[in-house]
Amino acid sequence: MTSTAQTQRTPVTLTVDALVVGAGFGGMYALHRLREMGLSVVGVETGDNVGGVWYWNRYPGARCDLMCVDYSYGFSDEIQQEWTWSEQFAAQPEILAYANFVADKLDLRRDYLFETRVESAVWDEGAGKWQATTNRGDHITATYCIMATGPLSVPKDPEFPGLADFKGELLRAAKWPHTPVSFAGKRVGLVGTGSSGIQIVPVVAEEAAELHVFQRTPSFTMPMRNTALEPEYVVELKRNYQAIRAVARASHLGGVRPVTSRPFFSITPAQRKQVMEDGWARGGLDFLGLFSDLLTNPEANEHVAEFVRGKIGETVKDPVVAEKLKPRGYPIFARRPCLDTNYYESFNLPHVHLQDCLEHPIERVTEKGILTSAGEVELDTLILATGYDGLSGALMAFDVRGRDGASVRDKWAGGARSYLGLMMAGFPNLFMVCGPNGPAALANIVTLDEQNVNWICALIDHMRASGIRTAEPTQEAQDDWMEQVFALAELTLVSKANTWYTGTNVDGKPRGLIMYTGGFMRYNEACNAAVQSGYASLRFGRELVGAA
Ligand code: N01
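No experiment lies behind these values; they were computed from the predicted model shown. (Residues numbered from 1 in each chain as written. Predicted model: local features only at pLDDT ≥ 70, side-chain atom pairs only at ≥ 80, totals over all residues. Heavy atoms only, no water.)

A. A look at the overall build of the protein. Within the protein one finds 15 helices and 20 strands. Over its C-alpha trace the protein gives a radius of gyration of 24 Å, about what one expects of a compact globule, namely 24 Å for 548 residues. Taken over 548 residues, the protein has a buried fraction of 57%. Considering only residue pairs separated by 6 or more positions, the protein has 72% of its internal contacts joining residues 24 or more positions apart. If you sum the accessible surface of the protein, you get close to 22100 Å²; carbon and sulfur atoms cover 52% of it. Charge separation in the protein, taken as the distance between the mean sites of 51 positive and 64 negative side-chain charges, equals 1 Å. (Helix = DSSP H or I, 4+ residues; strand = E, 2+ residues; numbered from the N terminus. Rg over C-alpha atoms; globule rule 2.2 N^0.38 Å. Buried < 20%, exposed > 50% of the residue type's maximum accessible area, 1.4 Å probe, protein only. Contact = heavy atoms within 4.5 Å. Areas by Shrake-Rupley, 256 points an atom, 1.4 Å probe, with all protein chains shown as cover. Lys, Arg positive; Asp, Glu negative; His and termini not counted. Charge placed at Lys NZ, Arg CZ, Asp CG, Glu CD.)

B. Fine view of unusual backbone geometry. The backbone phi angle of E115 is positive, close to 50 degrees, even though this residue is not glycine. Checked against the element boundaries, E115 lands in the loop between strand 3 (112–113) and strand 4 (118–124). One non-glycine residue, R225, adopts positive backbone phi at about 50 degrees.

C. Structural context of the sheet that holds strand 13 (residues 362–365). Here 3 strands make up an open sheet; going across it, the order is 13-14-15 and the pairing antiparallel. Taken across any chain shown, the strands that pair with only one partner, and hence form the sheet edges, are strand 13 and strand 15 (375–378). For this sheet, the mean inter-axis angle between neighbouring strands, taken without regard to orientation, is 25 degrees. Bridge count for strand 14 (residues 369–372) against strand 15 is 4 bridges, and the pairing is antiparallel. (Pairing = 2+ DSSP bridges. Axes fitted to C-alpha atoms, helices over the stretch in contact; angles between N-to-C directions.)

D. Summary view of the site of the ligand. Lining the immediate environment of the ligand, one finds 25 residues, of which R63, S196, T217, R336 and W500 sit closest. The separation between a nitrogen atom of the ligand and a polar side-chain atom of E159 is 3.0 Å. Between the ligand and S195, the relevant distance is 3.0 Å, taken from an oxygen atom to a main-chain nitrogen or oxygen of the residue. Here the ligand, which alone exposes 910 Å², has 90% of that area covered by the protein. (Near = heavy atom within 4 Å. Polar contact = N/O pair within 3.5 Å; in protein donor to acceptor, adjacent residues only side chain to side chain.)

E. Summary view of the nonpolar core. Counting residues in hydrophobic clusters, the biggest one holds 133 residues, and the most contacted among them are I146, M147, F287 and W455. Take this core: its biggest share by element is 10 residues, from helix 13 (residues 445–466). For I146, the residues in contact, after removing those within four places along its chain, are A18, L19, V20, V21, A30, L34, F431, V433, I456 and I460. With 30 residues, the next largest nonpolar core counts A62, W176, L190 and A208 among its residues. (Core = buried A, V, L, I, M, F, W, Y, C linked by side-chain atoms within 4.5 Å.)

F. Summary view of the packing of aromatic side chains. Considering all chains together, one arrives at 30 aromatic pairs under this definition. Centroid distance W83 to W85: 5.5 Å. Interplanar angle 75 degrees. Geometry classified as edge-to-face. Classification of W83 as buried rests on a relative accessible area of 14%. Judged by relative accessible area, which is 5%, W85 ranks as buried. An aromatic cluster is defined as three or more aromatic residues linked by ring pairs; in this entry it consists of F25, Y29, W54, Y71, Y73, F75, W83, W85, Y98 and F101. (Phe/Tyr/Trp six-rings, centres within 6.5 Å; stacked < 30°, edge-to-face > 60°.)

G. Here's a closer look at the packing of helix 13 against helix 15 (residues 520–532). Axis separation between helix 13 and helix 15 bottoms out at 11 Å; the angle between their running directions is 5 degrees. As far as their axial angle goes, helix 15 and helix 13 are roughly parallel. Contact residues: T447, L448, Q451, N452 and W455 in helix 13; F520, Y523, N524, C527, A530 and V531 in helix 15. A breakdown of the residues in the contact of helix 13 with helix 15 according to their chemical character gives 7 nonpolar, 4 polar and no charged. (Parallel < 35°, antiparallel > 145°, perpendicular 65-115°, else oblique. Nonpolar A, V, L, I, M, F, W, Y, C, P; charged D, E, K, R; others polar.)

H. Looking closely at the pattern of salt bridges. Enumeration according to the criterion identifies 31 salt bridges in this entry. The shortest N-O distance in the salt bridge between D286 and R282 comes to 2.9 Å. Linked through salt bridges whose partners overlap, the residues forming this network are R35, D107, R110 and D111. (Salt bridge = Lys/Arg side-chain N within 4 Å of Asp/Glu carboxyl O.)

I. Layout of the sheet that holds strand 12 (residues 352–356). In space, the 5 strands of this open sheet follow the order 7-16-8-9-12, with parallel pairing throughout. What marks the edges here is a single partner per strand, and that holds for strand 7 (169–172) and strand 12. Each neighbouring strand pair of the sheet contributes to a mean axis angle of 20 degrees, computed without reference to strand direction. Examined bridge by bridge, strand 8 (residues 187–191) and strand 16 (residues 381–384) share 4 bridges and lie parallel to one another. Each bridged residue has a counterpart across the sheet, and for V188 the counterpart in strand 16 is T381.

J. Molecular detail of the environment of D48. Counting through the fold element by element, D48 comes out in the loop between strand 2 (41–44) and helix 2 (53–56). For the pair D48 and L113, spaced 65 residues apart in sequence, the C-alpha to C-alpha distance is 8.7 Å. Among the polar contacts listed, one links the side chain of D48 to the side chain of Y55, at a separation of 2.8 Å.

K. Looking closely at the pairing of strand 13. The pairing of strand 13 with strand 14 spans 3 bridges and is antiparallel. Bridge pairing links I362 to T372 in strand 14. Once strand 13 ends, the chain turns through 3 residues before running back antiparallel as strand 14.

L. Examining the environment of V188 more closely. Position of V188 relative to the elements: it lies in strand 8. What makes V188 buried here is its relative accessible area of 0%. Considered as a pair, V188 and V446 are 258 residues apart in the sequence and their alpha carbons are 34 Å apart. Ignoring anything within four residues of it in the chain, the contact list for V188 reads F183, V204, A208, E210, L211, H212, L379, T381 and I383.

M. Quick peek at a negative patch on the surface. Negative charge collects at one region of the surface, where E476, D479, D480 and E483 lie side by side. With respect to the secondary-structure elements, E476 resides in helix 14 (residues 475–491). (Patch = residues over 30% accessible without salt bridge, like charges linked within 9 Å, V, L, I, M, F, W, Y side chains within 5 Å.)

N. The arrangement of helix 14 in detail. Over its 17 residues, helix 14 runs 25 Å from end to end, which matches the ideal 24 Å to within 8%, given 1.5 Å per residue. Taken together, the buried positions of helix 14 are A477, Q478, W481, M482, V485, L488 and A489. Down the axis, helix 14 shows its buried residues gathered within 130 degrees of arc, on one side only. Residues of helix 14 that are exposed and point more than 90 degrees away from the buried face comprise E476, E483, E490 and L491. Contacts from the buried residues of helix 14 go to strand 19 (470–473) and helix 15. (Expected span 1.5 Å × (residues − 1). Arc of directions from axis to C-beta.)

This is the structure:
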């Protein structure tokens, strides 16, 4: 749902050096870099403006749970000096304003076709180019195709039937209306208690007459303890940006979050408790960096999980509700860590009701509300925060065909496979930004976007300087990379939970952790090694197929 009716325009036929799909942080930077290199570029974006996930996700409470100092571009000192963040963790309107500020500054919009969705991208062997079509009837021929389609851009509706029957207001966190929504005096239902649902609950609870939170799997969430940025802090931040970015680029997570080399059992129980109390009191994602073996040692993980369960018990007054909110049966942080402001506290309000879908599963949506095995809950408004077909969903949502007409949908039917999360065997000159099998959601995405785009641009630069028409990874190189991805996945507890990380949230999707879990720094080293080897893992083509 966009803010305005779709703008009328006539279809265009374009021949460009590069097509960039998406105007999120990755796509915006890709378009800028490629243009700086002297290439003709066109960007295509479904929304009517830039911002990607921050354009669509306008739900109440939407806020980045990474610190702005990490979740912002570092490629331009001018941009980081001119832009001033107001809070440690910015809210969606401020992040969207930032995306627009960058787009203005770099004059990005003139090369975007907005309100336009790419429907197919097909490799034309004879021309050695990509042929793309859009839902507006456009035809784009491009030498390079950059898929900056985002790891979370295909929302997922729940499986239970009856959504179309609901006579009240139906809202989706992932595609929130651009006009204000009022909950005053309303009976509101919310399905989903991942990062989105956890942000929505406290804000809607402030206004709604009744709020029913339909929870299937409880998530672990920690206090964000967001603060306004003091002017003195901002001055220091701006003075030190270059050093901060350098630390982020050389870190495990692509950010400046504290990390430690201290294993859980290396200190006494009393010390561990104190470390966790201090981390909890500081808030933010500091807690994740308290122990080095949190995601590799199940016993250590369980101790930390129990500490957090204890905090839930201390916060939620009704012991029955507290018990239902305590996550069990999967390692803490194997699902994406959430940060909240007053999530658990909301359940102390008399008009906020936890509906336990494990005990009483949702059977269907009715005209009046939601029917569970315990009965019907009548609602005026129903909010779905039921997640996404993550990582691979975006590239499988439209028709992408490489050599011999092979489609990404077929190639990835058994699970997404790629080389460095950047390229695919059999898909020449097609690049992914933040693609599956890279660190994706396990690293700070803006640092990763910049690193990916820089790698892609360096390769394109090399190709143009050397008269190379096509580049693609060899099947062996891709298989080697995937072996590394799978071997590392075996070592981490992250693969042990049912989440969008492992694809289990989508019916029929093969289970598997399709993210590189070796950390951003090691990933970056692997990408650099590929360049230093003279791109030995890539097959280069200099002639057009069939050319004399
Ligand atoms: O989605 P999710 P999300 N009946 O998949 C439930 C990013 N993000 O939009 O777990 C009942 O985490 C489902 O239950 P279960 C972030 O990377 C970032 O919240 O399948 N419930 C789950 O509780 C995050 O990881 C920010 O049992 C059903 C929920 O829906 C990613 O987006 C903010 C159901 C989906 O949770 C996705 O988060 C927000 C059903 N039939 C999001 N079907 C930042 O701050 C699904 N559910 C940067």
